[in-house]
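Single-letter residue listing:
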Amino acid sequence: MDNPYLAHHKQKKAYGSGATNGDATSKEPLFGFVPRRVKGEQVRKALDGDINPFTKQPHTPQYKKILEARKKLPVFGQMDEFMTMFSNNQIIVMVGETGSGKTTQIPQFVCFSDLPHTRGKMVACTQPRRVAAMSVAKRVADEMDVQLGRQVGYSIRFEDMTEPGTTFLKYMTDGMLLREAMNDNELSRYSTIILDEAHERTLSTDILMGLLKSLAKRRSDLKIIVMSATLDALKFQKYFGITGDGSQPAPLFKVPGRTHPVEVFYTQEPEPDYVEAAIRTVLMIHRAEEPGDILLFLTGEEEIEDACKKIKIEADDLMNQDPDSVGPLVCIPLYSSLPPAQQQRIFDPAPSARSGGGPPGRKVVVSTNIAETSLTIEGIVYVVDPGFSKQRVYNPRIRVDSLLVSPISKASAQQRAGRAGRTRPGKCFRLYTEKDFMKELEEQTHPEILRSNLANTVLELVKLGIKDLVRFDYVDAPAPETLMRALELLNYLAALDDEGNLTPLGAMMAEFPLDPQLSKILIISPEFKCSNEILTITAMLSVPNIWVRPNNQRREADAAKALLTVPDGDHLTLLNVYNNYMQNQNDKNWTWTNYLSARALAQADNVRAQLLRNMERFEIELMSITDPRKLYIAVRMALVCGFFMQVAHKEGEKGQYLTVKDNQVVGLHPSCGLDGQPEWVIFNEFVLTTRPYIRTVTEIKPEWLLEYAPQYYDLSSFPEGETKRALVRVANKKAGKFAGRTDDGSERDAKRRKKARQ
DNA sequence: CAGGGAAGG
């Protein structure tokens, strides 16, 4: 017997075997179930019974109705195969295409086999997105005929919809499971963990795969199911195989999907202007194809709004020229920063025909990648795919994150095409040649772990007890330089000591749902007596852009922003906006009249409350200073304690800045509200758009750098240049003030450093 | 002088 879990349980009594009543199955539907040796036949019998096996209550009438629908799902027909494979293996890779029912059914099958409720354990199923975790949990609670939040629940940031001791099937975001792992490295609450949508390769899922692979060796009682799309299955099978070299891959459980066929068309020649080609294709479909809605993928907000306008104009022209054969068309933009009410418009029905017998109307949704995985629009029959999306790229050498319009992968193109076949057979128009599809497109989109700044992830890994980050068994290992950059930052922030061990400060930082620079300033902020303000600023920096700037009201929006701007720095402006927002909470129009995003501000308030709870847990005092001038200085000093590596120094008079040490030439972002061009600034972000910019910028004093980050600003090892000369002048001036003293202040610095690390 | 793909804690 390979699996010690099975060996262990072989002797175990079957569930309910102590019952004396021979007719036990009617009252005890799980009678005779041996954990993890349960057969499909037993499950089907229990499902068809009148008593809910998990609550012992009689089934409600709608239960049977839902059950009949479940029986038609492809995965249901393979229950026996699944139950056997689950019994015989610790790790399974599963592929199930759209419509197979894997996300709702597999976790239920596992519950029948694991019987987690009898063993004080849970079955977890992770999702990359919150909405998915919530909606699937609701669906499964209905299917199992239980109340959501009791036997079946979900756990996402800001909402734990579970009942300890009762919940045994928990849907959750991958990020939440990772958080749990930080405090319980063995994930001992779970008997089985299912990673769903693993092919999306989110940062959290990737880290979880590494953790679970090694955890499986320590916890022979833990079972793991990795669910993915077909293309990635072999990679995961090899990764989770017993030998590691792929010679004994993990077993594969495969279920066909249930979608309609999609016919794919390519262009004969490459299209030089994909936006123009996309508009042309949409109009061609509108003119010549059968009724049915269109989904067009573009890369960003501006491109989408622009395309919508052009399509609308041209479609109206077509209709006016030829009202007998061309119907009305509505064009609906879709991207994440749209207010929810506007996002809802994608579900509106297509416009009706203009006249009784006239041609029917058509709906065109012009969307970013959000419609590729996160949002599903029913009724789409035509997909137009120009083959591009914006993708995050991280350059560890210069520590810059940027968004680049890049060709999508084959997997992504396939996913896009599939969006046309959800309700009936569809067509996908790819605006590139078949040859380019075959030869130029990558198989898979590069996983996030290869494209991101890993500062936060590395801190999490260290907190998870991973000692050797370079040799951690990643599915795809990040560039060593990216890891080094992250370790370096964490060491300078005093989250890790020189040996790479977690410091008490680092352990606390890891508990905050923030980037390390932000958790650092939040934790040390009481030293500057301004933790109340730093709390607000960290929350504001954790949410999407709060500024609304409609194309036709730019001047008005800029004027409104100017009224809220604090000239000392954008961080203080954020603080000011939040405070004003809170003071005007009774005025429902306040955000609107001030060109601010009500959604982002509400989010900031929510994040702030969560961070405050964390602060209370660690007894970090909430403090403030009444004198606004002193307060602003204190806030800027505290900011330096986290952002001393994100400093730029003005060079010359042309408004050019050089980033410290990396010597990148950058400009202040046009959104920056600073009064003039101060010599020294910290910045929150370095963005590469038309030019390199620094965004969310605050003026600082160079003395603060020497004082609060002496390790980083050790002038003896500082790269030569104008920045260093300026710092030396500051250091000399500072030393001059203490003329007559024998020491150079280093002892004082050491004390302060020690204090800052606490 | 000019601008944020999607997602997570």
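Please read all numbers here as calculations on a predicted model, not as lab measurements.

> Whenever I open this one, the overall build of chain A confuses me. Can you help?
Counting its secondary structure elements, chain A contains 29 helices and 21 strands. Relative to a compact globule of 758 residues, whose C-alpha radius of gyration would be 27 Å, chain A shows 29 Å and is just as compact. Dimensions of chain A, computed from the C-alpha atoms along their principal axes, are close to 95 × 80 × 55 Å. Here chain A holds 758 residues, and 52% of them are scored as buried. The contacts in chain A between residues at least 6 apart in sequence include a share of 72% that link residues at least 24 apart. Here chain A holds 98 positive side-chain charges and 96 negative ones, and the gap between their average locations is 4 Å.

> Just to check I follow, could you spell out the protein's contact with DNA strand B for this structure?
Around DNA strand B, 33 residues are found, and the nearest of them are Lys 390, Asn 456, Asn 545, Thr 689 and Thr 690. Considering the 4 Å shell around the protein, atoms of DNA strand B inside it are sugar or phosphate in 53% of instances. Measuring from a base oxygen of DNA strand B, one finds a side-chain N or O atom of Arg 549 at 2.5 Å. Elements supplying a minimum of two residues to the surface near DNA strand B: α8 (174-183) and β14 (388-395).

> When you look at the domain arrangement of chain A in this model, what are you seeing that I'm missing?
In many analyses, interface size is given as the accessible surface area lost on bringing the parts together. According to the domain assignment, chain A consists of domain 1 (40-255), domain 2 (262-449), domain 3 (453-511), domain 4 (517-642) and domain 5 (647-735). Between the C-alpha centres of domain 2 and domain 3 the distance comes to 40 Å. Taken together, the contacts link 7 residues of domain 2 with 9 residues of domain 3. Carbon and sulfur atoms make up 58% of the surface buried where domain 2 meets domain 3, a total of about 770 Å² over both sides. In terms of surface lost to domain 3, no three residues of domain 2 exceed Tyr 394, Pro 396 and Ile 449, which account for 66% of the buried area on that side.

> Would you explain the packing of aromatic side chains in this entry?
Any pair of aromatic rings gets described here by the distance separating the centres and the angle formed by the planes. Applying the stated criterion across every chain, the model contains 19 aromatic pairs. The interplanar angle of 90° and the centroid separation of 4.8 Å between the aromatic rings of Tyr 492 and Tyr 712 together place this pair among those described as edge-to-face. Of the two residues, Tyr 492 sits in helix α18 (residues 480-492) while Tyr 712 sits in the loop between α27 (702-708) and α28 (722-737), which places them 220 residues apart along the sequence. Judged by relative accessible area, which is 2%, Tyr 712 ranks as buried. Counting every residue linked through ring pairs, the aromatic cluster contains Phe 76, Phe 82, Phe 86, Phe 109 and Phe 253. Sitting over the ring of Phe 86, Lys 223 keeps its end group 4.9 Å from the ring centre.

Criteria and cut-off values
- Residues numbered from 1 in each chain as written.
- Chains lettered and ligands numbered in written order.
- Predicted model: local features only at pLDDT ≥ 70, side-chain atom pairs only at ≥ 80, totals over all residues.
- Heavy atoms only, no water.
- Helix = DSSP H or I, 4+ residues; strand = E, 2+ residues; numbered from the N terminus.
- Rg over C-alpha atoms; globule rule 2.2 N^0.38 Å.
- Buried < 20%, exposed > 50% of the residue type's maximum accessible area, 1.4 Å probe, protein only.
- Contact = heavy atoms within 4.5 Å.
- Lys, Arg positive; Asp, Glu negative; His and termini not counted.
- Charge placed at Lys NZ, Arg CZ, Asp CG, Glu CD.
- Near = heavy atom within 4 Å.
- Polar contact = N/O pair within 3.5 Å; in protein donor to acceptor, adjacent residues only side chain to side chain.
- Domains from an automatic or database assignment.
- Buried area = accessible area lost by both parts, 1.4 Å probe.
- Phe/Tyr/Trp six-rings, centres within 6.5 Å; stacked < 30°, edge-to-face > 60°.
- Lys NZ or Arg CZ within 6 Å of the ring centre and 35° of its normal.

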